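# Secondary and tertiary structure notes
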Amino acid sequence: MPEPTKEPVYTTRPLSDDTWTDFAKLVEANNGIWGGCWCMGFHPEGVGKGSTAAENREAKHDHVRKGTVHQVLVFDGDECVGWCQYGQPAEIPNVKNLKAYHKELTELPDWRIGCLFTGKANRREGVARAGLTGALAAIKEAGGGLVEAYPEQVEDREPQRGAYLHTGPENLFEEFGFERDRRIAKWRWVMRRRV
Ligand SMILES: CC(C)(COP(=O)(O)OP(=O)(O)OC[C@H]1O[C@@H](n2cnc3c(N)ncnc32)[C@H](O)[C@@H]1OP(=O)(O)O)[C@@H](O)C(=O)NCCC(=O)NCCS
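These remarks concern the structure in this document. (Residues numbered from 1 in each chain as written. Predicted model: local features only at pLDDT ≥ 70, side-chain atom pairs only at ≥ 80, totals over all residues. Heavy atoms only, no water.)

To continue, consider helix α4 (residues 127-141). Given a rise of 1.5 Å per residue, 15 residues ought to cover 21 Å, and the 21 Å separating the end C-alpha atoms of α4 matches this to within 8%. Regarding α4, the residues found buried are Val-127, Ala-130, Gly-131, Leu-132, Gly-134, Ala-135, Leu-136 and Ile-139. Count one or two residues on from α4 and you reach Gly-143, which has phi positive near 115 degrees. (Helix = DSSP H or I, 4+ residues; strand = E, 2+ residues; numbered from the N terminus. Expected span 1.5 Å × (residues − 1). Buried < 20%, exposed > 50% of the residue type's maximum accessible area, 1.4 Å probe, protein only.)

Now the structure itself:
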């Protein structure tokens, strides 16, 4: 009889001085993420055209030192295999499709889910699910409120490469009870849920 497949068991830890090296290892193994953004896209500085991978790395490290980043890291044993970023709007102001987002905005959320990432070797094994579970638990712990996500629709569409889904696939957020609020791009929705 074949061995039953073992479900991976993940643990989560916040990105901090203590876990910076684990995070950096995952980013470096993935070419800096998108060629060097170091997950800076949602932060106030964003990733300007002129910024190098080394500058983005340093800017991210600075946020960690100052405590101006909230990011749940997912571990498989000792290895960091993915993350889910979250934060208050002032901490992660750079939502995609900002113009469309603001056009019909009636109420800013208390929290946002920013960028999700899972290392290539670990995709479709529940890493993003574990990261989002951790992020929602941390938000609850911090007082909860209205949480927004900006995922990509995947239903009724050609299968998408993971890279296009860095704000998460819509079906993952549906699983957690998020509901569509409004469309801000052809395939991108604002989804909301109270925690
Ligand atoms: C999008 C991404 C985060 C998903 O991570 P993951 O760990 O593979 O996701 P999970 O295994 O937790 O999937 C949970 C659910 O999300 C949905 N999902 C995940 N990936 C999907 C995909 N490629 N297409 C459609 N749905 C998907 C499914 O509903 C899935 O549940 P199922 O596997 O039981 O069907 C991953 O593909 C990724 O990291 N892509 C690159 C994003 C990136 O470049 N981020 C950095 C930019 S700053």
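Structure's up, so let's keep going.
This brings us to the nonpolar core. Soluble, globular proteins show a tendency: their nonpolar side chains are buried together. In this structure, Leu-15, Trp-20, Phe-23, Leu-73 and Trp-83 are the most contacted members of the largest nonpolar core, which totals 20 residues. When contributions to this core are tallied by element, the ones reaching two or more residues are α1 (20-29), β2 (70-76), β3 (79-87) and β4 (111-118). A total of 5 residues in this core trace back to one element, the largest contributor, which is α1. In contact with Trp-83, not counting residues within four places along its chain, are Phe-23, Leu-26, Val-27, Ile-33, Cys-39, Gln-71, Val-72, Leu-73, Cys-115, Leu-116 and Phe-117. If you look at the next biggest cluster of nonpolar residues, it comprises 18 residues, including Leu-136, Phe-173, Phe-176 and Trp-189. (Core = buried A, V, L, I, M, F, W, Y, C linked by side-chain atoms within 4.5 Å. Contact = heavy atoms within 4.5 Å.)

This brings us to the sheet that holds β2. Judged by pairing direction, the sheet is mixed, and its 7 strands sit side by side in the order β1-β2-β3-β4-β5-β7-β6 without closing on themselves. Sheet topology places β1 (10-14) and β6 (179-183) at the edges, where each strand pairs with a single neighbour. Between one strand axis and the next, the sheet turns by 30 degrees as a mean value, whatever way the strands run. As paired elements, β6 and strand β7 (residues 189-194) share 4 bridges and run antiparallel to each other. Bridge pairing links Arg-180 to Met-191 in β7. Sitting on the sheet, α1 is in contact with β2, β3 and β4, with an inclination near 100 degrees to β3. Of the strands in this sheet, β1, β2, β3, β4, β5 (146-149) and β7 are in contact with α4, which crosses β3 at around 45 degrees. (Pairing = 2+ DSSP bridges. Axes fitted to C-alpha atoms, helices over the stretch in contact; angles between N-to-C directions.)

Moving on, we get to the pattern of salt bridges. Counting across every chain of the model gives 11 salt bridges. Among the ionic pairs, Arg-129 bridges to Glu-175, the shortest N-O distance being 2.7 Å. Taken as a pair, Arg-129 in helix α4 and Glu-175 in helix α5 (residues 170-175) lie far apart in primary sequence, 46 residues in all. Given the relative accessible area of 46%, Glu-175 is considered partly exposed. With a closest N to O distance of 2.6 Å, Glu-170 and Arg-180 form a salt bridge. In this pair, Glu-170 is assigned in helix α5 and Arg-180 in strand β6, connecting sequence segments 10 residues apart. (Salt bridge = Lys/Arg side-chain N within 4 Å of Asp/Glu carboxyl O.)

With that settled, consider the site of the ligand. Residues in close proximity to the ligand total 23 residues, the closest being Thr-118, Arg-124, Gly-126, Ala-128 and Arg-129. The backbone of Val-127 places a nitrogen or oxygen atom 3.5 Å from an oxygen atom of the ligand. One of the backbone nitrogen or oxygen atoms of Arg-129 is found 2.9 Å away from an oxygen atom of the ligand. For the ligand, whose free accessible area comes to 930 Å², the fraction covered by protein is 85%. Among the secondary structure elements, those contributing two or more residues to the shell around the ligand are β4, α4 and α5. Ranked by the residues each element gives to the shell around the ligand, the list is headed by β4, at 4 residues. (Near = heavy atom within 4 Å. Polar contact = N/O pair within 3.5 Å; in protein donor to acceptor, adjacent residues only side chain to side chain. Areas by Shrake-Rupley, 256 points an atom, 1.4 Å probe, with all protein chains shown as cover.)

Looking at the secondary structure, you find Gly-177 in the loop between α5 and β6. Between the C-alpha atom of Gly-177 and that of Ile-33, which follows or precedes it by 144 residues, the distance is 29 Å. Leave out the neighbours within four places in its chain, and Gly-177 touches Arg-192 and Arg-193.

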